[in-house]
Amino acid sequence: MSSVNTDGLPPEMQARIAQIIEGAKQKANAAMAAQAASPQPQPQPEPQPEPAPAPAPAPTPNLMDHTIALRQEVAAMSQQVAAIGQVTEAVGQAVGQLYAMFQQQTTPTDQGPTYSESFQQQVDVGDDY
């Protein structure tokens, strides 16, 4: 093991650290001695797990099972169609409100000349050169 520099520590701490290091060395030496003294056991083959019994096959569905499953699917789809209808109605109402809001402005608010009108007024062909 590497030596530990404990010169700057109080004597009590130096003694405690030395004691801990000695204890660790003794444990390591005892473990190595026990390992060398005991013969290496031969690895035993693991017992093969028994195969799990095959699950029982599911019973074949009869006509009533099919009918119940189809009714459940139809109920789920009818709920989806109702939800789609509600969304469509809400979007239609929102679009109608926006249309009504913009329809109130039937006359233009800016009475000034348009861009093309102001451009035509500024052009003087004779004074270019």
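The shown structure was predicted, so the numbers you read here are calculated from the model rather than taken from an experiment.

Further remarks concern the overall build of the protein chain. The helix and strand inventory of the protein chain stands at three helices and zero strands. Along the protein chain, from the amino end to the carboxyl end, the secondary structure elements read α-α-α. Only carbon and sulfur atoms are counted for the fraction: they give 60% of the accessible area of the protein chain, which is about 12,700 Å².

On to a nonpolar patch on the surface, then. On the surface, Val87, Val91 and Val95 cluster together into a nonpolar patch covering about 270 Å² of accessible area. Position of Val95 relative to the elements: it lies in helix H2 (residues 63–103).

So, about the confidence of the model for the protein chain. Counting all residues, the mean pLDDT for the protein chain is 79, and 71% of those residues have values of 70 or more. Averaged pLDDT values over the elements of the protein chain bottom out at 64 in helix H3 (residues 115–122) and peak at 93 in H2.

Each value, and the rule that gives it
- Residues numbered from 1 in each chain as written.
- Predicted model: local features only at pLDDT ≥ 70, side-chain atom pairs only at ≥ 80, totals over all residues.
- Heavy atoms only, no water.
- Helix = DSSP H or I, 4+ residues; strand = E, 2+ residues; numbered from the N terminus.
- Areas by Shrake-Rupley, 256 points an atom, 1.4 Å probe, with all protein chains shown as cover.
- Patch = residues over 30% accessible without salt bridge, like charges linked within 9 Å, V, L, I, M, F, W, Y side chains within 5 Å.
- Salt bridge = Lys/Arg side-chain N within 4 Å of Asp/Glu carboxyl O.
- pLDDT = per-residue confidence, 0-100.

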